[in-house]
Amino acid sequence: MRHPLPPEIESLWTLFTAPVVWALHFLACYVTAAIFCAKPGLLGNDFFALRTLIAGITLLSLAMIVVAALLAWRQWGFGTGDPPHDDPTRRDRLLFQGYATLLLSGLSFVAVIFTALPAVFLTECLR
Amino acid sequence: MSAQPEPTRDKATEEAQLRAVWAKPTGWRYWTSVNNAQVGLWYGATAFAFMLFAGLLGLLIRAQLAVPQNDLLSAETYNQVYTLHGTVMMFLFAVPIFEAVAIFLLPPMLGARELPFPRLGAFGFWSFLIGGIFVCGSIFFGVAPNSGWFMYPPLATSEQAGIGADIWLLGLSFIEVASLAAAVELIVGIMKCRAPGMRVNLMPLFAWYLLIVAGMILFAFPPLIAGDLLFELQRMFDWPFFDPARGGDPLLWQHLFWIFGHPEVYIIFLPAIALLAMIVPTFARRPIVGYSWIVLAAVGTGFLSFGLWVHHMFATGLPQISLAFFSAASEAVAIPTAVQIFVFIATMLAGRVIFSTPMLFAMGGIAIFVMGGLTGVMVALVPFDWQAHDTYFVVAHLHYVLIGGMLFPVFAGLYYYYPLIGGKHMSDRVGRFAFWLMFAGFNITFFPMHLTGLRGMPRRVYTYPADIGWDWLNLISTMGAVVLGIGMFAVVMDVTLHRRGKPRGEVNPWNAGTLEWISEPEENWGVRSIPRIESRYPLWDQEALARQVNAGDWYLPDAKEGRRETLVTSVLDAEPEQVLRVGGTSYVTIISALTLGTVFVALTFKWWIVSLISGLAFMAAVLWWLWNGTGDIPEKDGKDIGHGISLPLYASGVKSVGWWAMFITMTGDGTAFASLVFGYFFFWTVHADFTGGIAGPGMFWPMMALALFALSWAATLAAREANRRGKLAVAWILLGSGALTSIAGCAAALAGPLTTGMDPTAHVYAAIVWTLVIWAALHGAMGGIMQLYCLARSLAGRLTARHDMELHNVALYWHFMLVTALVTFAVVGLFPEAL
Amino acid sequence: MAALTPVFSACSGVQSALDPAGEESGQVARLFWLMIAGGLPIWAFVVALSLYASRWKLEPLREDTAARVIFWGGVVLPVTVLAALLAYALWLMPSLRPFAGSDDATLRIEITGRQFWWHVVYKRPNGVRVVSANEIRLPVGERVEFALTSDDMIHSFWIPALGGKMDLIPGRQNRLSLRATKVGTYRGQCAEFCGTSHALMAFPAIVMEGAAFETWLNARSRPSSGVHAPGTGRALFERNRCGSCHRIAGTQWQSTAGPDLSHVGSRLTIGAGQLASGSEALASFVADAGAVKAGAHMPANSHLSAAELTEIATWLKGLQ
């Protein structure tokens, strides 16, 4: 059977996937809004368009985090084993990585939503 | 795998050899030691001394503010005192104390003999000591920095700031370099020098935290270094980065400072919490509950802390939509912090807690820190911060966070780890007495400040009127400060006097489970032999481990070749990969630090000749250090480390620790560069026409420079390939011509702004273009020196087809250099054309 | 309620953010008390739980139960509380400082920060323009827009009783809008460290009834009759070249390098909120401003006799 998910990567860096998505999302929101407000006209003058753009970036980021979470969930054996994953085996090391990555995906998911909240409540640059 | 003693070994000789190789030098040569146990101790003691000094300054502040209209200190003296109090506490205590603890503890905790670059660690310490004395000493001459610890221009760039501003900038830049050195050391140490079997899921939590913190330093400190550079260029050469009359903007400094400044709070906080993550399980008598949650909290905090910096700038008039993003991230960062606290609570709930003195400090710290966290949630809300910002409310908040989140945990760590220093114990009775004095004194001092601030008292005022309701609040704070001071004094007495004549106690009095408690304080070798780890708490789960390790039954129990050696293992599963030979006792670290320190001190006083000469001396010292101390070709290929494992003595490329160090250093360097590029675009957003009508460097010379640097990059890669295939002559030609091309590239880079006559003092556009171009040129020149270094090594036979780590590292440097050149010349050459 | 009186009196004061007399300060004070009501129980809960876990509990919990404590206490609790709090604060922001909508403000006050005093200009759309210094007067109930900038260092303009602060930054033009709700005299102060005597850069902020404010403003738009007062004060002022820095409406002196003195006699304080106004205070400030305020840019006038100082001070005090 062909698996819908890509093959597993054996690396420490996968741990940081979801937080990196948060960081890019944060940067995109901040930089876009800053340029929109500092250079009137360059990115248009319609604040609603900016909010729509932020909403788009947010949905994309959340989708990427969900994919990261799915991959992590698989690495964690779909939750078949309980923590603490402290056996001196490669398998437990993988399970630990999967679990920690899954937790970080959750935090990043919430943090992305927090970061997007300003676009819900503010309707202009207000400077 | 179990430890089988091998019958043919003469353990007594082995042990004597090992002891001789790792022996610390005696007499005055003691100070040339580079061993982590000595350097860590010096580092810690120095940081502690700076803390006491800054604490006395704090008491002076409180004495001045005890009553309204007090004239104990003049306005000018007060401004120097409070600036130095903040500066010393942040830069000379809070950050260095964690580097100290890490250097001291990590090797035994990871089961390593030593960190991978001991001389770099010692160099960092000497830099810190010299820079620290320079900065602190200034107050005795009345020329200490006086513009607040965040040095906002235009005040700090003005005449009024005097030489104090230069002392601050140069003295601290020097110390920031030391912090980056520590970050390199710690990241490579934690990733590559763990005991075999210590997989990432078995790593002590302290190491997890430190790994994240060291990574944060790489991204947090360079923006400040870039900011310092711009600042000093303005102060020395009148380049107008922060002068609005010539297109500059004072807010750029605030951005760069706080991109550093906010993560720094977490750089301070996480290592202290890491100590609690070691202490709490020991006294709860069980493994930590929620190991993965701690990893989540550390990594999550590490990332989120970079999205908070503007919350120090809520009142600067940025668009509210921008403020709101940072407010949101500032709220979000409270989540991983809460996770951390609840992990400790859960661990205590699931264990049987022994309430010792370290636990007392730990719990007191948590109670204080949680309060600081809650007021942090408050000030992170924009409307509330408009009121609270720059008032005593913020003073209260930051002391609750730093003292609860850092000082109390560090004291807990002091009481907990003290037996590792010489096997003696601190006094339990004095500890409890000191704790209650400190806890009460702290709250009496800082709790009223919340109210003082909301009743309108701004921070950084040397005096205040009598009749607006601040007098009795301030008097209470001052009385509390005295109590806090007495508590600290009790601990100092305990550390310095009390231990004399005390018998050596047990080394592991708490019956802790982690590896550092195996170490024998009398020995300088870290661990007698390096064990295979099978648990997060090996001393609890691996029976007889301590005895086997100290009997030399495990890996690498000897030093037959008379060299200091430690194991390098793989990142994820810690499989043994290499025996690494590390640097030993040497003067070169002190000489390097002294010469570099002289450069910075001489720059402060604008003694150009002295700084040029000491700069050259520093370069010579570093080259001598590299030439004689690194990249040695071993006398044999491999070494048997026992239990049938034989490992290579040499590695190059990705497998070598030097390659990792280069990668990490250049990541930090790249961040500083990115900060300068941020500055360029920041000026673009501030002005309708950011060029100020000045002609740019044109397109020809920037593109020419880019092409030359790209050629030099290609030559380096080709030289590496040629050398690998044994075609030495080809490699020599490539390296030589590569160096020449780099020099031509530097010239082309500078030719751009030179030929169009850009005057860096006339307008900020010219200044920032010059800065970027000089940055790229200096890096190109450095790349050229590296190519020549490889050429010399190869000619001297110290670099061969198989032993080619220098070439790999230089090629890696050139990858970064290529990106730097690409960005620089695209930005200065193409971006203005695209407008 | 009576038991709370000491609590509230501990929060009062002319410079207290918890004794609000403005729209923004009122909203923020309410936000503060709301957060205290939420925050203190959370603190007590965490500390009590830690003490329970470390000292009072008898039997250890099972590991998975303890792990659930992390999830509920470390994740669910902060996420819900913080999300609600953040949403409330974000919702509050545009209504507190509605900059775009405040273009129709009928009173605009331009403030320029200087070491260590405030240059103030009142502007009405009908062309009324009044220059003043070191004192702010506002009509109650009216939204007033402030335009803030600086000529030297960064300062910060802050009247806690009315609202939060806003920085005055060289090269930048910042805006603040405040609506006072209660008549009274309050105190404002510079909140961003700006040099030696930063602590001494304050000002009175007086909220007046609308009609009284109108009368006051109109009177200030004409030169004071005191400029023609008899005595040698004016001549001494001229001879000592005070006019090369200080502006006095209705005279040849129009420089704004130092504080405007057109109606200095009617101000409540001297030296940016430092001395209660009066001839003696004026005389001592003229004699040696640096003694009152270290680092002040005004030179000392040590060559003047006490009688001369009194003459100048009396004349200045007459500029009502």
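Chain C is annotated in an unreviewed UniProt entry as Cytochrome aa3 subunit 2 from Aminobacter carboxidus. In its Catalytic activity (unreviewed entry) section, UniProt records this for chain C: "4 Fe(II)-[cytochrome c] + O2 + 8 H(+)(in) = 4 Fe(III)-[cytochrome c] + 2 H2O + 4 H(+)(out)". Reading the Sequence similarities (unreviewed entry) entry of the UniProt record for chain C gives the comment "Belongs to the cytochrome c oxidase subunit 2 family."

As named in an unreviewed UniProt entry, chain B is cytochrome-c oxidase, taken from Aminobacter carboxidus. UniProt, in its Pathway (unreviewed entry) section for chain B, records the words "Energy metabolism; oxidative phosphorylation." The Catalytic activity (unreviewed entry) field of the UniProt record for chain B holds the comment "4 Fe(II)-[cytochrome c] + O2 + 8 H(+)(in) = 4 Fe(III)-[cytochrome c] + 2 H2O + 4 H(+)(out)".

**Quick notes on the overall build of chain B**
Per the secondary structure count, chain B includes 24 helices and 4 strands. Taking 2.2 N^0.38 as the reference for a compact globule, 835 residues should give roughly 28 Å; the C-alpha atoms of chain B span a radius of gyration of 27 Å, in line with that estimate. With respect to the principal axes defined by its C-alpha atoms, chain B has extents near 85 × 70 × 45 Å. Taking all 835 residues of chain B together, the buried fraction comes to 64%. Restricting to contacts in chain B with at least 6 residues of sequence separation, those with at least 24 account for 81%.

**Considerations on the overall build of chain C**
Counting its secondary structure elements, chain C contains 8 helices and 12 strands. Expected size for 320 residues packed as a compact globule is a radius of gyration near 20 Å; at 26 Å, chain C overshoots this value by more than 25%. When its C-alpha atoms are laid out on the principal axes, chain C stretches across 90 × 45 × 45 Å. Counting every position in chain C, which comprises 320 residues, the buried fraction comes to 48%.

**Brief notes about the interface of chain A and chain C**
Counting residues at the interface gives 10 residues for chain A and 10 residues for chain C. Across the side of chain A that touches chain C, the residue classes tally to 7 nonpolar, 1 polar and 2 charged.

**As for the interface of chain B and chain C**
Contact with chain B, which involves 69 residues of that partner, is made by 71 residues of chain C. At the level of secondary structure, the elements contributing two or more residues to the side of chain B that touches chain C comprise α3 (75-110), α7 (250-284), α9 (320-332), α10 (334-349), α11 (357-379), α12 (382-388) and α14 (428-454) of chain B. In terms of residues, the side of chain B that touches chain C owes the most to one element, α10(B), which gives 11 residues. Class assignment for the residues of the side of chain B that touches chain C results in 47 nonpolar, 15 polar and 7 charged.

**Topic: helix α8 (residues 306-317) of chain C**
Given 3.6 residues per turn, any residue in an α-helix points the same way as the ones three and four places further on. All names here are of chain C. Compared with the 16 Å implied by 1.5 Å per residue over 12 residues, the 16 Å span of α8 between its first and last C-alpha is a close match. Among all positions in α8, only L309, E311, I312, A313, W315, L316 and K317 are buried. In this fold, the buried residues of α8 make contact with α5 (233-239) and α6 (279-287).

**Details of unusual backbone geometry**
The omega angle of the peptide bond from B:P153 to B:P154 is 5 degrees, so this bond is cis rather than trans. Mapping B:P154 onto the fold places it in the loop between α4 (118-137) and α5 (162-192). Cis geometry marks the peptide bond from C:Q115 to C:F116, where omega comes out at -5 degrees. Assignment of secondary structure puts C:F116 in the loop between β1 (107-114) and β2 (117-123). Positive phi values are uncommon outside glycine, yet B:N511 reaches one of about 55 degrees.

**What about the packing of α11(B) against helix α2 (residues 23-56) of chain C?**
Relative to each other, α11(B) and α2(C) sit at 160 degrees, their axes nearing to 10 Å. For the element pair α11(B) / α2(C), the angle class is roughly antiparallel. Seen from above, α11(B) lies across α2(C) with right-handed handedness. In this structure, α11(B) contributes B:M359, B:M363, B:I366, B:A367, B:V370, B:M371, B:L374 and B:M378 to the contact, and α2(C) contributes C:M35, C:G39, C:I42, C:W43, C:V46, C:V47, C:S50 and C:S54.

**A closer look at the packing of α7(B) against α11(B)**
All names here are of chain B. Where α7 meets α11, the axes come as close as 10 Å, and the angle between the chain directions of the two elements is 125 degrees. One element, α7, and the other, α11, form an angle in the oblique class. Classified by chirality, the crossing of α11 by α7 is left-handed. Of the residues in α11, those in contact with L276, I279, V280 and F283 of α7 are P358, M359 and A362.

**Quick look at the domain arrangement of chain C**
Residue and element names in this part refer to chain C. Assigned domains within chain C: domain 1 (101-220) and domain 2 (225-317). Summarising the inter-unit geometry, the C-alpha centres of domain 1 and domain 2 are found 22 Å apart. Domain 1 puts 20 residues into the contact, and the matching count from domain 2 is 17 residues. Sorting the residues of the side of domain 1 that touches domain 2 by element identifies β2, β3 (129-133) and β10 (202-208) as the ones contributing at least two each. Partitioning the side of domain 1 that touches domain 2 into residue classes produces 10 nonpolar, 7 polar and 3 charged.

So, how was this worked out
- Each chain has its residues counted from 1, running along the sequence as written.
- Ligands are numbered from 1 and chains lettered from A, in the order in which they are written.
- In view of the model being predicted, local features appear only for residues whose pLDDT reaches at least 70, and side-chain atom pairs are presented and counted only at 80 or more, with totals across whole chains, interfaces and linings using the full set of residues.
- UniProt positions are given in the numbering used here, feature names are shortened, and annotations may be inferred rather than shown by experiment.
- Only DSSP runs of H or I with at least four residues qualify as helices, and only runs of E with at least two residues qualify as strands; both kinds are numbered from the N terminus onward.
- We compute the radius of gyration from the C-alpha atoms alone; for a globule the expected value is 2.2 Å times N to the 0.38, where N is the number of residues.
- Burial in this document is a count-based property: other C-beta atoms within 10 Å of a residue's C-beta are tallied, and the residue is buried at 20 or more, exposed at 12 or fewer, or partly exposed in between, with C-beta positions derived from the backbone.
- Whether two residues are in contact depends on their C-beta atoms, placed from the backbone: they are in contact if these lie within 7 Å.
- Each residue is assigned to one of three groups, with Ala, Val, Leu, Ile, Met, Phe, Trp, Tyr, Cys and Pro labelled nonpolar, Asp, Glu, Lys and Arg labelled charged, and all others, Gly among them, labelled polar.
- Multiply 1.5 Å by the residue count of a helix minus one, and that product is the helix's expected span.
- Axis angles are defined between N-to-C directions and span 0 to 180 degrees, where every axis is a line fitted to C-alpha atoms and, for a helix, only to the segment in contact.
- Any angle that falls under 35 degrees is termed roughly parallel, while one over 145 is termed roughly antiparallel, one within 65 to 115 roughly perpendicular, and all others oblique.
- Working rule for handedness: look at the near helix, and if it is turned counterclockwise from the far one by less than a right angle, call the crossing left-handed; if clockwise, right-handed.
- Residue ranges assigned to each domain were obtained from an automatic or database domain assignment.

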